[in-house]
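Structural overview for review
Listed below are the residues making up each chain.
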Amino acid sequence: KQANTRVILGEVSGVDSARREVIAEGRRIPYDALVIATGARHAYFGRDDWAEHAPGLKTIDDATLLRRRILLAFERAEVEPDEDKRHALIRFVIVGGGATGVEMAGAIAELAHRTLADDFRAITPQCAEVILVEAGARLLPAFDERLSAAALRSLQRLGVEVRLNSKVTGCDASGLTIGDERIEAQNVIWAAGVMASPAGKWLGAPSDHAGRVRVGPDLSIGEHPEIFVIGDVAQALGENGMPLLGIAPVAKQQGKYVAKLLMARERGELMPPFRYRDFGAMATIGRKHAVAQIGRWRISSAVAWLLWCCAHIYFLIGFRNRLS
């Protein structure tokens, strides 16, 4: 309904800040103010060759690809005569014990052990192995330690094998290596880290080790107050001086802030620095299990799962989606 809004499909390859133009597929699009919110991609810690064998989950295309690979793994295992190859097909390894890794491990475990339990004859999906590998000492490092322990127990009840303090040292088409141990697995899923999009290179702006552009209190950059960087591609500092997490609530609040700031500038008014309001964090571990951290509250199990459901239904777009 915004009559002054135009949407253009195109792949951006650079920004000419001197001429105030965005370069996209040979076109130059002029701007008065520029907001960059190009997000992040997977980080393989210098081993980009692993990406082919260990896809991650960042886009809708990623999600449909992973769903297809997981379901086809069971179909192929059904007709595989070699026992070792059959087990490798239904052995799923998730690398990374953050929220994405924990949620993925719980979802695959429930799919294998319950949803598909009666769909095959030659194999028993209950025998599928789900292994979650985390290089750190605990799962969900951004959460309270009690919630990390609760998530670990919930995953173990679902039959997930959790390996902490375990670093991946190799990955190829037939599996991966953890330390000196080799694990044969046809399905390796990456959830171990992110790298910002190349916006920092476009702008020639200072960036951190993950490629996130360092922004000022009003989310603009250095000598260009007309350029704003928000979301996963920005390194914005919270009130405690620590970088804000790359999560959706941060990006949403930053987007609203920049919109208000641009309108305030048009009126010749000043805006206070950006301040993030933390409403909490949640992560699901299969159906009816979750952990939630809201202020001083630390909630786990079915109660946290109900809170997670309510929050996600609330933020769905459109009444029909919420109703269904």
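Notes on the structure follow. A quick note: this is a predicted structure, and the numbers were derived from the prediction, not measured.

Cut-offs applied
Residues numbered from 1 in each chain as written. Predicted model: local features only at pLDDT ≥ 70, side-chain atom pairs only at ≥ 80, totals over all residues. Heavy atoms only, no water. Core = buried A, V, L, I, M, F, W, Y, C linked by side-chain atoms within 4.5 Å. Buried < 20%, exposed > 50% of the residue type's maximum accessible area, 1.4 Å probe, protein only. Helix = DSSP H or I, 4+ residues; strand = E, 2+ residues; numbered from the N terminus. Contact = heavy atoms within 4.5 Å. Salt bridge = Lys/Arg side-chain N within 4 Å of Asp/Glu carboxyl O. Expected span 1.5 Å × (residues − 1). Arc of directions from axis to C-beta. Lys, Arg positive; Asp, Glu negative; His and termini not counted. Polar contact = N/O pair within 3.5 Å; in protein donor to acceptor, adjacent residues only side chain to side chain. Pairing = 2+ DSSP bridges. Right-handed = clockwise from strand over helix to strand, strands pointing away.

**Re the nonpolar core**
Generally speaking, a soluble globular protein has its nonpolar side chains buried in company with each other. The biggest cluster of nonpolar side chains holds 36 residues, and the ones touching the most others in it are Phe74, Ile94, Leu155, Val160 and Val291. When residues of this core are traced back to their parent elements, those giving at least two are helix H1 (60–78), strand S6 (91–95), helix H3 (99–115), strand S7 (129–133), helix H4 (145–157) and strand S8 (160–163). With six residues, the top contributor of residues to this core is H3. Contacts of Phe74, omitting those with residues within four sequence positions, involve Ile90, Phe92, Ala112, Leu116, Phe120, Ile123, Pro125 and Ala128. Residues Val22, Phe228, Ile230 and Leu244 belong to the second largest nonpolar core, which totals 28 residues.

**A short note on the pattern of salt bridges**
The tally for this structure, following the rule as stated, stands at 17 salt bridges. The partner of Arg20 in a salt bridge is Glu226, with the nearest N and O atoms 3.7 Å apart. Of the two residues, Arg20 is situated in the loop between strand S1 (12–16) and strand S2 (21–24) and Glu226 in strand S16 (residues 224–229); the sequence distance between them amounts to 206 residues. A salt bridge links Glu269 to Arg267, with the nearest nitrogen and oxygen atoms 3.3 Å apart.

**Considering helix H6 (residues 248–266)**
Its 19 residues give H6 an end-to-end C-alpha distance of 28 Å, which sits within 8% of 27 Å, the value for a rise of 1.5 Å per residue. Looking at H6, one finds that the buried residues are Val250, Gln253, Gln254, Tyr257, Val258, Leu261 and Ala264. Buried residues of H6 fall within an arc of 140 degrees about the axis and therefore sit on the same side. Turned more than 90 degrees off the buried face of H6, the exposed positions are Lys256 and Glu266.

**Considering the side chain of Glu134**
Relative to the helices and strands, Glu134 is located in the loop between S7 and H4. Lacking a salt bridge, the buried Glu134 has Arg138 as its closest oppositely charged neighbour, with an N-O distance of 9.0 Å. Here Gly97 takes part through its backbone nitrogen, which lies 2.6 Å from a polar atom of the side chain of Glu134. Setting aside chain neighbours within four positions, we find Glu134 in contact with Gly96, Gly97, Gly98, Leu139, Arg163, Leu164, Asn165 and Ser166.

**Things to note about unusual backbone geometry**
Non-glycine residue Leu219 carries a positive phi angle of around 70 degrees. Here Leu219 shows up in the loop between strand S14 (213–214) and strand S15 (220–221). A positive phi angle, near 70 degrees, is found at Ser301, a position not held by glycine. Looking at where Ser301 falls in the secondary structure, it is placed in helix H7 (residues 301–315).

**A word on the pairing of S6**
Of all five residues in S6, five are buried, a share of seventy percent or more. By the alternation rule, side chains of S6 split into Arg91, Val93 and Val95 and Phe92 and Ile94, which are all buried. Strand direction decides the pairing type here: S6 and S7, joined by five bridges, are parallel. Each bridged residue has a counterpart across the sheet, and for Val93 the counterpart in S7 is Ile131. Tracing the backbone out of S6, into H3 and back to the parallel element S7 gives a crossover that is right-handed. Bridge count for S6 against strand S12 (residues 187–190) is four bridges, and the pairing is parallel. Along S12, the bridge assignment pairs Phe92 with Asn187.

**Section: the environment of Ala302**
Structurally, Ala302 can be placed in helix H7. Separated by 191 residues in the primary sequence, Ala302 and Leu111 place their C-alpha atoms 19 Å from one another.

**Examining H1**
Here H1 is 19 residues long and its end C-alpha atoms lie 28 Å apart, about the 27 Å a rise of 1.5 Å per residue gives. Residues of H1 that are buried: Asp62, Leu66, Ile70, Ala73, Phe74 and Ala77. Looking down the long axis of H1, one finds its buried residues gathered within 105 degrees of arc, a one-sided arrangement. Turned more than 90 degrees from where H1 packs its buried face, Ile60, Asp61, Arg67, Arg68 and Arg76 sit exposed. Turning to H1, the residues buried within the fold contact strand S5 (40–42), helix H2 (83–89), S6, H3 and S12.

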